[in-house]
Every structure is written in C-alpha cells, then in structure tokens.
Amino acid sequence: MRAENIDTVNCPSCGATLVAGLRFCRMCGYRLGEGVEEYVPTQRFDAASIPTAATSPPPATDPFAARSTWGAAPMQPIRPFGATSALNRPDEESAGRSWMKMCSRKRGGWWLWLTIALVLMIAGGMIPLSIRTRNRSRAVAEAGAPTNPLLAEADAYDTPDGGGAFIRGLAGPATSLEAAGLVGGDTITFFDGKPVRDSDTFRRLAAATPPGKVVEVVYIHDGETKKTMLTTTGRQDFRGMQPIDTRPGGRGIIGVDPGDRVRLPNSNIFGVELDGVERNGPADIAGLKKGDVIFEFGGKPIRTAGDLRLRIYEAVPGTTITVSVMRDGQRVDVPMKIGRQRD
C-alpha cells in the first residue's frame with residue numbers, strides 16, 4: 001500500500017530521512033524540536049516516494065560530522081517498509097509482522113516467549129530434569145497420595161516364572177505381611193481382588209492402597225494356594241530393623257553363611273542351604289554343618305536366605321532356640337544358644 005504526499009525531514013545529526021512531526025530522531029535520538037504531537041503513528045510508504053540520503057541535500061549543521069574521522073562506517077539510509085531486497089521481501093516482511101503480533105505483550109502472547117525460554121534452558125541443562133521430577137514427587141506427596149509400607153516390608157519383590165509377586169524375605173519384625181501369615185518365599189497372586197501379574201503390578205497396587213485398609217490377599221505357600229486378610233499400616237508404623245538394633249544385646253548371631261534356596265526331598269517345601277559354618281561359632285558348637293538345609297528356625301518357617309537372616313537377628317542373645325535342618329535326607333532338630341553381636 002502506497003502513501004502519497006508524505007512530508008519528510010532529514011535529521012540534522014545523522015542525516016536519516018524521517019516523517020515530519022517527530023520530536024526525536026528514531027536512529028540517533030537527536031532532539032528535532034518541540035512538536036505538538038506526543039505520538040505520530042507509523043506510516044508505510046514506498047521507497048520511490050522518499051528521497052534517499054544520497055539524493056537529499058546535506059544538513060545545514062552536523063554536530064557529529066567529526067565522527068567520520070573515528071574510523072566508523074557511515075550511517076546507512078533507512079530502508080522503508082515495502083522496499084524489496086534479498087532479506088526484505090514483501091512475503092517475508094508479512095510473516096515477520098505476523099510473528100511479532102502473535103508474540104506481542106498487548107495480544108497476550110508473552111507466555112510464548114516464556115515457554116521458548118524454558119525449553120531452551122531445559123535443553124541446555126540449566127534446569128535439570130531431576131528438579132522437575134523431585135518437585136512433582138513432592139507435589140504428589142503434599143496432595144495426600146496414599147503411601148504403604150508394604151513396599152519396604154520385604155527385602156524385594158520378584159516375578160517368578162508363573163507370575164505374581166515373590167517375597168524374597170521380610171525386612172524387619174512386626175510387619176503387616178507377617179501379621180497376615182505371609183513369609184519370605186510366598187508368592188502373591190491377587191491383591192484386593194485384583195490379579196498380580198508381576199512384581200511391578202503389585203508395587204502399583206500396594207502404592208495405591210491407603211494405610212489402614214483391610215485387603216484380601218491370595219498367595220501360594222509351599223505349593224498351596226491360600227487366602228488371608230491383610231491390614232495395611234502407616235509408613236510411620238514400620239521401623240525396619242530399629243526395634244532389634246536398639247534393644248539390649250542387639251542382634252543375635254549364630255555364625256553361618258546362608259546359601260541357595262533348595263527344595264526338600266519329596267515335598268514342595270524349600271529351605272536354605274548353608275554354604276559355610278564359622279568355626280567355634282554358636283552354630284558350630286551346636287553341631288550344624290556345611291550343606292545342612294535349614295527350613296525352620298525357632299518354630300518359624302525358613303524359605304529364603306532373607307528370612308533366615310531376620311530370624312537370626314531377632315533371636316535374643318543368650319537364649320536357646322531349636323533349628324530344624326534336613327541332613328542326608330533326614331530331619332535333624334538342633335538346640336542352639338544364640339550368640340550376641342560383637343561391639
């Protein structure tokens with residue numbers, strides 16, 4: 001669009017061609033005069049309608065004419081809107097104006113600049129991904145997301161060949177698992193009426209269960225499918241090994257090295273084979289030998305190495321308990337005095 005009969009002036013300071021009526025030069029800021037207009041709207045005009053600096057008469061006075069001796073390049077004339085060049089074609093100019101309008105604060109597009117800045121900062125590593133993950137986890141906790149100590153009451157939950165969640169071992173005394181009759185070596189197949197296909201499924205179900213809820217648990221124990229009711233407890237109610245470590249005498253010891261989980265002959269019962277027995281330790285003195293398979297400790301079933309360690313630790317030092325082992329295909333009950341942990 002062309003504008004006809006537009007009055008123009010030249011800046012006395014830099015020689016730039018300007019629209020008449022401006023109070024300050026838009027190129028160098030030189031004060032042009034005390035115009036009556038506070039704002040003069042921008043007008044587009046064709047380059048052919050405006051004389052360039054090369055054809056304009058030189059200004060009467062130029063206070064900064066001496067700057068040419070400083071080695072600076074001479075001021076280039078303003079390229080008016082609508083003038084075509086390799087970098088300023090009408091279609092590109094239109095696209096640029098559209099982008100500026102979209103990102104204009106007056107049009108509410110300031111958020112676009114903020115989004116671009118955040119993306120660049122994250123991509124550049126200025127905002128680590130761990131901060132966003134930590135903040136999200138904190139927000140979920142503050143929102144009251146249910147927590148369940150079931151995820152901490154076991155040494156781990158594995159996925160056996162037949163599916164479900166295999167309890168590798170109990171992680172402390174007085175757990176809700178043990179209160180419901182579950183021990184290490186059991187496999188949970190249903191939890192609160194929902195099938196447990198693998199250990200990840202169980203973790204999701206347990207994490208979504210609020211404390212204090214009574215749920216039905218279907219599990220496999222020694223090859224038999226059983227049901228029990230489990231009451232979940234609050235995270236603050238499970239303290240791990242702290243009750244054992246803080247009692248007089250601390251943890252019990254017998255001086256054995258638990259090995260693999262093995263099946264007892266002609267049964268679905270598993271026990272833990274001993275890889276070694278410490279010389280002159282409580283187990284050695286009582287008569288336990290390398291290769292014995294412990295399947296009961298103080299009247300409690302032993303199906304995993306994790307449970308064997310727990311039962312040894314929770315046994316009170318100085319007391320005598322009975323250890324049931326399988327040796328050469330025969331059951332042997334061995335009375336044993338529990339030793340105490342050395343300081």
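Above: the structure in question.
Note that the structure is predicted; figures quoted are calculated from it, not measured.

Trainee: How would you explain the packing of aromatic side chains if you had to name every residue and give the values?
Mentor: Taken as a whole, this structure holds two aromatic pairs when the rule is applied. For the pair tyrosine 157 and phenylalanine 202, a centre-to-centre distance of 4.7 Å together with 50° between the ring planes defines the contact as tilted. Here phenylalanine 202 lies in helix H5 (residues 199-207) and tyrosine 157 lies in strand E3 (residues 157-158), a separation of 45 residues in the sequence. In this structure phenylalanine 202 comes out as buried when scored by relative accessible area, which is 0%. An angle of 85° between the planes, with centres 5.4 Å apart, marks the rings of phenylalanine 191 and phenylalanine 202 as edge-to-face. Note that phenylalanine 191 is positioned in strand E5 (residues 187-191) and phenylalanine 202 in helix H5, a separation of eleven residues in sequence. The exposure class of phenylalanine 191 is buried, given its relative accessible area of 1%.

Trainee: Tell me about the pairing of strand E14 (residues 320-327), and name the residues and values.
Mentor: When strand E12 (residues 293-297) meets E14, the two strands line up antiparallel, connected through four bridges. Each bridged residue has a counterpart across the sheet, and for glutamate 296 the counterpart in E14 is serine 324. Two strands pair when backbone bridges link them, and E14 and strand E15 (residues 330-337) are joined in this way by eight bridges, in the antiparallel orientation. When the sheet's bridge partners are listed, valine 323 is paired in E15 with valine 334. Where E14 folds back on E15, the antiparallel hairpin that results is connected by two residues, among which aspartate 328 adopts a positive phi of roughly 55°.

Calculation rules
Residues numbered from 1 in each chain as written. Predicted model: local features only at pLDDT ≥ 70, side-chain atom pairs only at ≥ 80, totals over all residues. Heavy atoms only, no water. Phe/Tyr/Trp six-rings, centres within 6.5 Å; stacked < 30°, edge-to-face > 60°. Helix = DSSP H or I, 4+ residues; strand = E, 2+ residues; numbered from the N terminus. Buried < 20%, exposed > 50% of the residue type's maximum accessible area, 1.4 Å probe, protein only. Pairing = 2+ DSSP bridges.

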